[in-house]
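In case you want the letters, here they are:
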Amino acid sequence: MWRTRRAAGACEVCRSFLSISCAGRGPFSPPRLHLLSRSIHLPHPPTLRPLRPQLRASSQPFSSLGHLPLRRWKLSPVRLNYQPRRHFWPARLAARLLRLRYLILGSAVGGGYTAKKTFDQWKDMIPDLSDYKWIVPDFVWQLDEYIDLEKLSKALPDSEALAKLLPDFDKLAGSFSLFKDFFSPGHKLVSEVTGASGLLLLLGSSGETAFRATDASESDRQFKKVTDKEKVEQLQEELLRTQLKYQRILERLEKENKELRKLVLQRDDKGIHHRNLKKSLIDMYSEVLDVLSDYDASYNTQDHLPRVVVVGDQSAGKTSVLEMIAQARIFPRGSGEMMTRSPVKVTLSEGPHHVALFKDSSREFDLTKEEDLAALRREIELRMRKNVKEGYTVSPETISLNVKGPGLQRMVLVDLPGVINTVTAGMAPDTKETIFSISKAYMQNPNAIILCIQDGSVDAERSIVTDLVSQMDPHGKRTIFVLTKVDLAERNVASPSRIQQIIEGKLFPMKALGYFAVVTGKGNSSESIEAIRDYEEEFFQNSKLLKTSMLKAHQVTTRNLSLAVSDCFWKMVRESVEQQADCFKATRFNLETEWKNNYPRLRELDRNELFEKAKNEILDEVISLSQVTPKHWEEILQQMLWERVSTHVIENIYLPAAQTMNSGTFNTTVDIKLKQWTDKQLPTKAVEVAWETLQEEFSRFMTEPKGKEHDDIFDKLKQAVKEESIKRHKWNDFAEDSLRVIQHNALEDRSITDKQQWDAAIYFMEEALRGRLKDTETVLENMVGPDWKKRWVHWMGRTHEQSVHNETKNELERMLKCNEEHPAYLASDEITTVRKNLESRGVEVDPSLIKDTWHQVYRRHFLKTALTHCNLCRRGFYYYQRHFVDSELECNDVVLFWRIQRMLAITANTLRQQLTNTEVRRLEKNVKEVLEDFAEDGDKKVKLLTGKRVQLAEDLKKVREIQEKLDAFIEALHQEK
């Protein structure tokens, strides 16, 4: 439509122009028509046309003038051969003003593109937050269940309606060509930093940092009158300044990036108790190394996983370099003495807080606090001294330490004891050889990265470690050389080119993957890591070694060193970890096959699982003690207590009292001796008997075979638990006091209430006397030898001593037969008479032999008489009730044994109550404590649970654990790629 209206307007102008021309002239000549009118009226214009005069300002064929409404113009007369000039100044002014919107739009588009590019660069520096989707609440991901997105999309305008709102990009492109004419080309500034970390340069590439002058013509004019040498020096200084400038920019950006990562990790820590976060890659790798260090490679599966092995001469600065990499003073320090006495595995990983913790401990040491740093150093020193056995100076046992902090490079380093040349006083004679063997054991790993530390302040010829490293890595494919104390070296070395030769690898026969020079402080142990880093940066900024290009910028500072070591470490890990996983798969197959062939019906229980099984069995057996019936306890206690006190009752109470002349004296003697016995000995004996009874019952339950279910692999463990529990158990101290009162009251009672108790006392007395009589006859038989019957039947004879005892016995029996009421002791004249009678028969005897023989002869005579009297007292209960009035029968000895029997029953009942109510529970508690202590003592479990079956199951468990951890690590490693 607008084209039609425009054409109509153009035709109207042409007609008016034609009418004016015809009026002034006779013959008609084709006029100069409007562009659009000419295309309409003259579709085939003639070839000869008058030239169109040039406009003052160039414009596009379709300018903004075409959008203005056309109006009738008043045309002036036109002369022949003269092209009229149209003065449309309002239109041209409007076109100029409207052209500004294209400039503004162009600026907006260019600025948006630049902003997008800057945003993309910063977005690449921000860590990947895909693992933290759980921070967004779950209902956000379920919005589509509650909101109808299709209905919402239909409510929005379609793409065609939105496209109408956009500007005409074809016209914008045309405006840009006009827009660029308003600006002069200017100078193009180029500045770039070759790599964020420069790791390609750090490992020995020959390229240098790119440098371009900002204005070449100006530089040429500046250096026209300067010699070539001064030009080189000025260029080197400018290059150094540029490198330092970009270095500072990189440090600033890394610091900002570190702060962002710290914020992300702190936010991550806030939800750590809600969700289990994935372990970091380096933590997973460190766990694999920890398991490998505990695994005994009985199947020759060697540990070839990479780690950074730090070796160097003693006091060369190994520990200082490690502390600079870890950004904390974590190791104990000493002036010239050996401080690293065992390998220390340090796992560096990134975290929100700068902390350190040991593998076997949950305590975190805050590395930003000096008191925690001091405590960490003391703990490392204590662990080292604990690992070193008596008579040795160093130990191969590894201390595992994890250090986390923002900005730390992820890697695993092993700090080894410093190599020494001479064994000094106080060291073991084999210290030097032990250190060499430990170092070789770690360096012979074909995938281990050797960080060789050389002291730059001493003569290079005094180094020992370089020859050792050359033997283990002759081609230098996995060695990184570090020259420490470069500030002292620059100050003391007469020829600085010597340092250059060391860094270029021309002074030592050792080859290396990369060479670095570092400064680890001024030698003051109280310096902080920040102060050392500032001093190192200031030194290299002013050092002649850099200014004269003896050292390159990428070869200095511990920061560049840590970047290079970390890059090399992960490169080695990616190349070797899958091969190591395949080796363990083969080892696992061999172990599983061996188990199936040897133990086809048994589960694969390792040492810890076997210990838990044995622990449950032991606790079940302890609980079985509480199921013993009270009757059984009392019977055992009463029997064992009488066996313990029967000798004292008969020898020290009954026999002395029986020597008295009347019943009153007998009862008085018995009461006195019972009181003394109760006050001093009886309660203690009773507690000892109860404790021994508990031990015997506990041992019976522990050692009793369980039939087919019995597993003899637990016997040593059960025996050790039993012995340790009994050793720790202590009877209640107040038990004796309460028991003393109860026993005293029981012995004071003399009232036998019924005939049943009387008969029980007589039975108890007879059993006791018969047992004692049997023991006495046995002693006499051993003393005098076999009788005539045994001598003839078994062809046995008597010794001379036995013959003397026999003659003495016969003489004493004849004397006792003459006086059956003889007292218990022989008088001196009676001993003399017996000796002379024996001498008259040719038997020489000693008075002591006569006394010993008399003791046994009289005991037998007394016991036989007592048994006869006991048999007579069976019918004496009636006389007892009448207090033996008008009776020649006196049975006070029966009353004594009834008192003893009753005391034994009451004591057994009391001890049984103490056992079941208190002591069994305390013993169970002791057993649990012993089992818990054994569970924490790995050496104890290894000692008590032994055998091929245990070791095979242990190896199989370790290999499976290693393989599973390796597979998980490899999967995470591929995901990170």
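Residues numbered from 1 in each chain as written. Predicted model: local features only at pLDDT ≥ 70, side-chain atom pairs only at ≥ 80, totals over all residues. Heavy atoms only, no water.

On to the nonpolar core, then. Counting 103 residues, the largest nonpolar core has Trp-642, Tyr-654, Trp-677, Trp-758, Ile-900 and Val-927 as its most contacted members. It is helix H34 (residues 892-936) that provides the largest number of residues to this core, a total of 17 residues. Contact partners of Trp-642, with chain neighbours within four places excluded, come to Val-649, Phe-764, Ala-768, Phe-897, Ile-900 and Leu-904. In this structure, Ile-282, Val-321, Phe-331 and Cys-568 belong to the second largest nonpolar core, which totals 69 residues. (Core = buried A, V, L, I, M, F, W, Y, C linked by side-chain atoms within 4.5 Å. Buried < 20%, exposed > 50% of the residue type's maximum accessible area, 1.4 Å probe, protein only. Helix = DSSP H or I, 4+ residues; strand = E, 2+ residues; numbered from the N terminus. Contact = heavy atoms within 4.5 Å.)

What follows is about unusual backbone geometry. With a phi angle near 65 degrees, Ser-315 is a residue other than glycine that sits in the positive phi range. Of note, Ser-315 is situated in the loop between strand S1 (308-312) and helix H13 (318-326). Look at Ser-315 and you get partly exposed, because its relative accessible area is 41%. Of note in this structure, Lys-485 is not a glycine but carries a positive phi near 55 degrees. Secondary-structure assignment places Lys-485 in the loop between strand S8 (479-484) and helix H17 (486-492).

This paragraph deals with the side chain of Thr-431. Topologically, Thr-431 is positioned in helix H15 (residues 431-443). Judged by relative accessible area, Thr-431 falls into the buried class, the value being 2%. Side-chain polar atoms of Thr-431 contact the side chain of Thr-393, separated by 3.1 Å. (Polar contact = N/O pair within 3.5 Å; in protein donor to acceptor, adjacent residues only side chain to side chain.)

A cluster of nonpolar side chains, contributed by Trp-788, Trp-792 and Val-793, occupies part of the molecular surface with about 460 Å² of accessible area. Mapped onto the elements of the fold, Val-793 is located in helix H29 (residues 788-793). Residue Val-793 is classed as exposed on the basis of its relative accessible area, which comes to 56%. (Patch = residues over 30% accessible without salt bridge, like charges linked within 9 Å, V, L, I, M, F, W, Y side chains within 5 Å. Areas by Shrake-Rupley, 256 points an atom, 1.4 Å probe, with all protein chains shown as cover. Salt bridge = Lys/Arg side-chain N within 4 Å of Asp/Glu carboxyl O.)

A few words on the confidence of the model for the protein chain. Predicted confidence across the protein chain gives a mean pLDDT of 76, with 73% of residues reaching 70 or more. When the elements of the protein chain are averaged for pLDDT, helix H9 (residues 199-202) gives the smallest value, 36, and S1 the largest, 92. In this model residues 1-85 is a low-confidence stretch, pLDDT under 50, and it forms 47 contacts with partners more than four residues away in sequence or in other chains. Overall, residues 178-225 carries pLDDT values under 50, and its contacts beyond four positions in sequence, including any with other chains, amount to 40 contacts. (pLDDT = per-residue confidence, 0-100.)

A few words on the environment of Asp-754. For Asp-754, the position within the fold is in the loop between helix H27 (735-748) and helix H28 (755-784). When the C-alpha positions of Asp-754 and Phe-877 are compared, they lie 8.4 Å apart, and in sequence the two are 123 residues distant.

With that settled, consider the packing of helix H23 (residues 630-658) against helix H32 (residues 847-872). Orientation of H23 relative to H32, taken along the N-to-C sense of each, is 75 degrees, at an axis distance of 12 Å. In terms of axis orientation, H23 runs roughly perpendicular to H32. Contacts between H23 and H32 involve Glu-651, Tyr-654, Leu-655 and Ala-658 from the former and His-855, Arg-859, Phe-862 and Ala-866 from the latter. Across the contact of H23 with H32, the residue classes tally to five nonpolar, one polar and two charged. (Axes fitted to C-alpha atoms, helices over the stretch in contact; angles between N-to-C directions. Parallel < 35°, antiparallel > 145°, perpendicular 65-115°, else oblique. Nonpolar A, V, L, I, M, F, W, Y, C, P; charged D, E, K, R; others polar.)

Quick look at the pairing of strand S5 (residues 399-405) now. Of all seven residues in S5, six are buried, a share of seventy percent or more. Note: strand S2 (residues 344-350) against S5, seven bridges, orientation parallel. Bridged to Thr-347 within S5 is Asn-402. When strand S3 (residues 355-358) meets S5, the two strands line up antiparallel, connected through four bridges. Its bridge partner being in S5, Ala-356 is matched across the sheet by Val-403. (Pairing = 2+ DSSP bridges.)

Within the open sheet, the nine strands sit side by side as S4-S3-S5-S2-S6-S1-S7-S8-S9. Their pairing is mixed. Two strands close off the open sheet at either side, each with one partner strand: strand S4 (365-366) and strand S9 (514-517). Note: strand S7 (residues 449-455) against S8, six bridges, orientation parallel. Bridge assignment links Cys-452 to a residue of S8, and that residue is Phe-481.

Together, Glu-397, Glu-929, Glu-932, Glu-936, Asp-937 and Asp-939 make up a region of like negative charge exposed at the surface. Element by element, the count of residues in the negative patch is highest for H34, at three residues. Considering the arrangement of structural elements, one finds Asp-937 in the loop between H34 and helix H35 (938-944). (Lys, Arg positive; Asp, Glu negative; His and termini not counted. Charge placed at Lys NZ, Arg CZ, Asp CG, Glu CD.)

Each disulfide consists of a covalent bond between the sulfur atoms of two cysteine residues. Tallying each qualifying case throughout the model produces one disulfide. Residue Cys-873 pairs covalently with Cys-891 via a disulfide, S to S 2.1 Å. Here Cys-873 and Cys-891 share a disulfide; its torsion about the S-S bond, -100 degrees, makes the bridge left-handed. You can see Cys-873 sitting in the loop between H32 and helix H33 (877-881) and its partner Cys-891 sitting in the loop between H33 and H34, a full 18 residues away along the chain. (Disulfide = S-S within 2.5 Å.)

With that settled, consider the pairing of S1. With five of five residues buried, S1 is to be regarded as a mostly interior element. As judged from the three bridges shared by S1 and strand S6 (residues 411-415), these two strands associate in the parallel manner. Residue Val-309 lies in a different strand from S6, and its bridge partner there is Val-414. The pairing of S1 with S7 spans five bridges and is classified as parallel. When the bridges of S7 are listed, Val-311 appears paired with Cys-452.

The tally for this structure, following the rule as stated, stands at 15 aromatic pairs. Look at Phe-539 and Phe-540: their rings are 5.1 Å apart centre to centre, the planes differ by 70 degrees, and that puts the pair in the edge-to-face class. Assigned by exposure class, Phe-539 and Phe-540 land together as buried. The interplanar angle of 75 degrees and the centroid separation of 5.4 Å between the aromatic rings of Tyr-654 and Phe-897 together place this pair among those described as edge-to-face. Here Phe-897 lies in helix H34 and Tyr-654 lies in helix H23, a separation of 243 residues in the sequence. Residues Tyr-654 and Phe-897 agree in their burial class; the two are buried. Of the aromatic side chains, those joined through ring pairs into one cluster are Trp-642, Tyr-654, Phe-764, Trp-854, Tyr-858, Phe-862 and Phe-897. (Phe/Tyr/Trp six-rings, centres within 6.5 Å; stacked < 30°, edge-to-face > 60°.)

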